[in-house]
Amino acid sequence: MIEELLLSTLRLSTPLVFAALGGLFSERSGVIQIGLEGMMLVGALAAASATTFTGSPWTGVLAGASVGMIWALIYAFFVLKIKADQIISATALNLLAFGLCPFFTKIVFDSTGATPSIPFEQRLGSEFMWMAFALVIITSLLLRYTRFGLWIQFAGESPSALQSAGVSVGLVRSISLACTGALAGLGGASLSISLASSYAPNMTAGRGFMALAALIFGAWRPLPTFAACLLFAFVDAAQIRLQGSATFIPVQVVQILPYLVTIVALVGFFGHQRVPKGLGKHV
Amino acid sequence: MDTPLLEFSNISKAYGQVHANQNINFQIHKGQIHALIGENGAGKSTLMKILFGLEHADSGEIRLRGERLDAKSPIEAKKKGLGMVQQHFQLAPALTALDHVILEQPHSFLGSFFEKLNRDEWRQKLENLSEQFAMPLPWDQTVDQLSVGLQQRLEILKLLAFDADILILDEPTAVLTPQEVDAFLERLRSLRDSGKTIILITHKLREVIAVADWVTVLRQGKVAGTFAYEGQSPHSLASLMVGKAFSPQEFERKHSSNEILVRVQNLSCTSHGVRKLDRVNFEIRSGQILGVAGVHGNGQTELIKALIMPKESGLHFEGSIKYGEDDLLHLANKDIRKLEVGLIPEDRLQQAVIPALSAKENYLLGRHDFFKGRWIRRHRRDKELEESMEEFDVRPRNADLPFASFSGGNQQKIVVAREVNREPNLLVVAEPTRGVDIGAIEAIHASLIATRDAGVGVLLVSSELEELLRLSDRIIVMSKGQIKATLLREEFDVERIGCLMGGEA
């Protein structure tokens, strides 16, 4: 029982971990990131479609990461090149993703929003999970020990210092955003070709925002963020279990649990954390 | 004589109609401390920006060691051995001092993903460097744990670590306590003795007198004089800067009433676990100026908030501030302002005005006497503003211009005029002459004294000790939220106040 609960916690945390790490690259480099939801969504659709067409989940992984990255680079173009408002641009791209995905499935699969179901042997199992956990470590090491990590931190804390050291803030942020997109895209892919068997309409169900909450809860640091993702996933897993057993509570109330925990975590912790100083600031 | 290290010839730079630099010619010699002085807007910063590659001259050239220097960017200037510490430090509070130096190391983009930072090696190298220049620094602390003085030291060591031999320092002492200033100037001398050339941009004559080997005075974009400094009197330098005979006179002080206007009792304030104000007691008397001395961040900000916006500040105050029948701590800001309390805040663009609106519109802010019901008394406002602009010599004398288009000194003159002319009983003033040129300082000081003489109680918070000594009738010295001493005018003593500001008993 407990073992099962923990295992499903780990599985459910996977998309959150990918997306939260994606958000971390963006926000630590100083770009506000509320667009994770949209990137996950297009990533999930791309992964499911590519897997359906080729029969190989690994092309799905590649497609999810690439499409997420392209989506993030569109965002980068808006906010870094044209210097559009970050909140508004990301909201627009989220809405676009919500609208574009059903459009795509209608044209390509002639279905209302979903992709055909992928046979079990073409889906991935725990590979995503191990990938996500490895990426937590890699991100942590990259940030702390490499020069590019140092640049990301300066881009997020004091872009003008980075600029005057002769490094292009725009380039550092663009590369970070590309990582964001790839990671969030992978998060989406893990939903559609591993946790579920196809892309379904709005299948991210707010996970992009929960990932952002985990990032804030984890004070923008890789390991605490990972822990926050595990917490949210645990509540999610418990919620699914409760739906089956505790029949005296209405299902709708139980389903609220993960979101409730997210809100409580945010209300309790936001404002007490050290926000990256250059977040949302141009040079 | 050998070739000068740096030579400016015929540098000109105009922004639209304004000639920031006009035919600038002078030389800087190796191994000297070269003071570049002038009022705000005299063109010092523009000239240094051109030198450092942040701006480009319209005409003229700069030669470095006899060769034409045409730095297109600060990066190029750095490669040629120039280094600049800007007035506002470019530091990331959450990152360590060590990382700030490592950041400066030039590096290709591609390799950056895979290069492991060699922090141990750097730490060793930097510790040697700090030892060599006698400037120790806790390298592994984050910048927000460093005092402002140490942050400045970090900025300088950053330059030295990459072998800069010409250091440009823009108003370096503005952020330091008097003691720190002395130690800092001493360090400049030893840097010079080790062969570095230092360009010191300043408007504080005391520093020029203390360390300069050579002085260049800029006035209205032109060189007003460049000479080896050998004990010229401070007044002759000031006259060169201002362009007319300059002698700051002691103000005559009228004796008016000195009744207690405001009585602050046991005022305390704790924010995020830090005691910002600790049982503060003092009185503000009508017809007197009470100066508040202290290094920025020792409770002055909270003190002003307690007086002006105790409810809106989000801080929790204990104690009382008796003002007539009222306790200001229990009043909302709008009610306090109705009690004829004027405020000249520290940050005028953020707190005193709306920069995009015209001077006329800004002159209305907080002035209920210009309103009759819902209508603006335009004529009355226009007449008063016109007279004030005349009296304070605000330039350009056009009240329809956006506030932001006036220079800092002229902006402040308008704010001071607005608050003084509302005829307050109590005037709270913070840093009235920050970033303001000498001419404007004189006008503002005279106006504050006149306000005092008219019987107004003035609270003056300033980090410029000279300003406090000149204007105050009494000075309280704050350190870590406590009042360390109250000094009467005849007891004023720079040394003692300096020690008290540093927290000594």
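Residues numbered from 1 in each chain as written. Chains lettered and ligands numbered in written order. Predicted model: local features only at pLDDT ≥ 70, side-chain atom pairs only at ≥ 80, totals over all residues. Heavy atoms only, no water.

(A) Quick peek at the overall build of chain B. Of regular secondary structure, chain B possesses 17 helices and 22 strands. Taken against the 2.2 N^0.38 rule, which gives 23 Å for 505 residues, the C-alpha radius of gyration of chain B at 25 Å falls within 12% of a compact globule. Taken over the C-alpha atoms alone, chain B extends approximately 70 × 50 × 50 Å along its principal axes. In chain B, the proportion of contacts linking residues at least 24 apart, taken out of those at least 6 apart, comes to 65%. For chain B, the accessible surface area stands at approximately 23100 Å², while carbon and sulfur atoms represent 49% of it. One way to put it: in chain B the 62 positive side-chain charges average out to a point 4 Å from where the 70 negative ones average out. (Helix = DSSP H or I, 4+ residues; strand = E, 2+ residues; numbered from the N terminus. Rg over C-alpha atoms; globule rule 2.2 N^0.38 Å. Contact = heavy atoms within 4.5 Å. Areas by Shrake-Rupley, 256 points an atom, 1.4 Å probe, with all protein chains shown as cover. Lys, Arg positive; Asp, Glu negative; His and termini not counted. Charge placed at Lys NZ, Arg CZ, Asp CG, Glu CD.)

(B) Geometry of the sheet that holds strand β4 (residues 59-64) of chain B. Residues and elements named next belong to chain B. Strands sit in the order β2-β1-β4-β5 across an open sheet of four strands; the sheet is antiparallel. The open sheet is flanked by β2 (18-28) and β5 (67-69), the only strands paired with a single partner. Strand-to-strand twist across the sheet, computed as the mean angle between neighbouring axes with direction ignored, equals 30 degrees. Bridge analysis of strand β1 (residues 6-15) against β2 gives seven bridges, and the strand direction is antiparallel. Each bridged residue has a counterpart across the sheet, and for Leu 6 the counterpart in β2 is Ile 28. The strands touched by helix α1 (residues 44-51) within the sheet are β1, β2, β4 and β5, with β1 carrying the most contacts at an inclination of about 115 degrees. (Pairing = 2+ DSSP bridges. Axes fitted to C-alpha atoms, helices over the stretch in contact; angles between N-to-C directions.)

(C) Local environment of the interface of chain B and chain A. Chain B puts 24 residues into the contact, and the matching count from chain A is 26 residues. Overall, the association of chain B and chain A removes approximately 2300 Å² of surface from exposure, summing both partners, and the carbon and sulfur fraction of that is 65%. Together, B:Leu103, B:Phe109 and B:Phe113 form the three largest contributors to the area buried by chain B at its contact with chain A, with a combined 31%. Joining chain B to chain A, the criterion identifies one salt bridge. Contributions of two or more residues to the side of chain B that touches chain A are made by α2 (74-79) and α3 (97-103) of chain B. In terms of residue count, α3(B) provides more of the side of chain B that touches chain A than any other element does, four residues in total. For the side of chain B that touches chain A, the per-class residue count stands at 11 nonpolar, six polar and seven charged. (Buried area = accessible area lost by both parts, 1.4 Å probe. Salt bridge = Lys/Arg side-chain N within 4 Å of Asp/Glu carboxyl O. Nonpolar A, V, L, I, M, F, W, Y, C, P; charged D, E, K, R; others polar.)

(D) Seen up close, the sheet that holds strand β19 (residues 426-430) of chain B. Residues and elements named next belong to chain B. Ordered by their spatial adjacency, six strands build an open sheet running β16-β19-β20-β13-β21-β22, and the pairing between neighbours is mixed. Of all the strands in the sheet, just β16 (341-344) and β22 (482-488) have a single pairing partner and so form its edges. Ignoring which end each strand starts from, the neighbouring axes of this sheet average 15 degrees apart. Lying over the sheet, helix α14 (residues 408-421) contacts β16 and β19, oriented at roughly 175 degrees with respect to β16.

(E) Inspection of a nonpolar patch on the surface at higher detail. On the surface, A:Phe53, A:Leu96, A:Leu100, A:Phe103, A:Phe104, A:Ile107 and A:Val108 cluster together to form a nonpolar patch covering roughly 680 Å² of accessible area. By secondary structure assignment, the location of A:Val108 is in helix α4 (residues 86-109). (Patch = residues over 30% accessible without salt bridge, like charges linked within 9 Å, V, L, I, M, F, W, Y side chains within 5 Å.)

(F) Layout of the side chain of B:Ser112. Here B:Ser112 is to be found in the loop between α3 and α4 (119-132). Among the polar contacts listed, one links the side chain of B:Ser112 to the backbone oxygen of B:Phe109, at a separation of 2.7 Å. If we skip the residues at most four places from it in the chain, B:Ser112 touches A:Thr146, A:Arg147, A:Phe148, A:Trp151 and B:His107. (Polar contact = N/O pair within 3.5 Å; in protein donor to acceptor, adjacent residues only side chain to side chain.)

(G) Representation of the pattern of salt bridges in the model. Residues and elements named next belong to chain B. Counted under the stated rule, the structure contains 42 salt bridges over all chains. Between Arg 65 and Asp 165 there is a salt bridge, with its nearest N and O atoms 3.1 Å apart. One end of the pair, Arg 65, is in the loop between β4 and β5; the other, Asp 165, is in the loop between α5 (148-161) and β7 (166-170), with 100 residues separating them in the sequence. The exposure class of Arg 65 is partly exposed, given its relative accessible area of 42%. A relative accessible area of 24% places Asp 165 in the partly exposed class. Arg 397 is paired through a salt bridge with Glu 390; the nearest N and O atoms lie 3.2 Å apart. The exposure class assigned to Arg 397 is partly exposed, which follows from its relative accessible area of 41%. Look at Glu 390 and you get exposed, because its relative accessible area is 52%. (Buried < 20%, exposed > 50% of the residue type's maximum accessible area, 1.4 Å probe, protein only.)

(H) Structural context of the environment of A:Leu5. Residues and elements named next belong to chain A. Positionally, Leu 5 belongs in helix α1 (residues 2-28). Separated by 232 residues in sequence, Leu 5 and Ala 237 place their C-alpha atoms 6.4 Å apart. Ignoring anything within four residues of it in the chain, the contact list for Leu 5 reads Phe 234, Ala 237, Ala 238 and Arg 241.

(I) Main features of the nonpolar core. A:Leu162, B:Trp139, B:Leu160, B:Leu188 and B:Leu191 are the most contacted members of the largest nonpolar core, which has 114 residues in total. Counting residues per element, this core draws most heavily on helix α8 (residues 169-195) of chain A, which supplies 10 residues. The residues touching B:Leu191, leaving out its near neighbours within four places in the chain, are B:Phe133, B:Met135, B:Ile156, B:Leu160, B:Leu167, B:Lys196 and B:Ile198. Within the second largest apolar cluster, 45 residues are counted, among which are B:Phe370, B:Leu385, B:Phe406 and B:Ile444. (Core = buried A, V, L, I, M, F, W, Y, C linked by side-chain atoms within 4.5 Å.)

(J) Geometry of the packing of aromatic side chains. Taken as a whole and judged by the stated rule, the model has 13 aromatic pairs over all chains. Centroid distance B:Tyr363 to B:Phe370: 6.0 Å. Interplanar angle 35 degrees. Geometry classified as tilted. Judged by its relative accessible area of 0%, B:Phe370 falls in the buried class. Pairwise contacts between aromatic rings join A:Phe148, A:Trp151, B:Phe109 and B:Phe113 into one cluster. (Phe/Tyr/Trp six-rings, centres within 6.5 Å; stacked < 30°, edge-to-face > 60°.)

(K) Here's a closer look at helix α5 (residues 127-145) of chain A. Residue and element names in this part refer to chain A. Helix length check: α5, at 19 residues, gives a terminal C-alpha distance of 26 Å against a target of 27 Å (1.5 Å per residue), a fit within 8%. Of the residues making up α5, those classed as buried are Phe 128, Met 129, Ala 132, Phe 133, Leu 135, Val 136, Thr 139, Ser 140, Leu 142 and Leu 143. Structurally, α5 contributes buried residues whose contacts are with α1, α3 (57-81), α6 (147-157), α8 and α10 (222-245). (Expected span 1.5 Å × (residues − 1).)

(L) Structural detail: the side chain of B:Glu384. Residues and elements named next belong to chain B. Along the chain, Glu 384 turns up in helix α13 (residues 378-392). Judged by relative accessible area, which is 16%, Glu 384 ranks as buried. Look past the residues within four positions of Glu 384 in its chain and what remains in contact with it is Tyr 363, Arg 367, Phe 370 and Asn 421.

(M) Spatial organisation of the pairing of β16(B). Residues and elements named next belong to chain B. Alternating residues of β16 divide into Val 341 and Leu 343 and Gly 342 and Ile 344, and every residue in both groups is buried. Where β16 lies against β19, four bridges are found, and the strand directions are parallel. Of the residues in β19, the one forming a bridge with Gly 342 is Leu 427.

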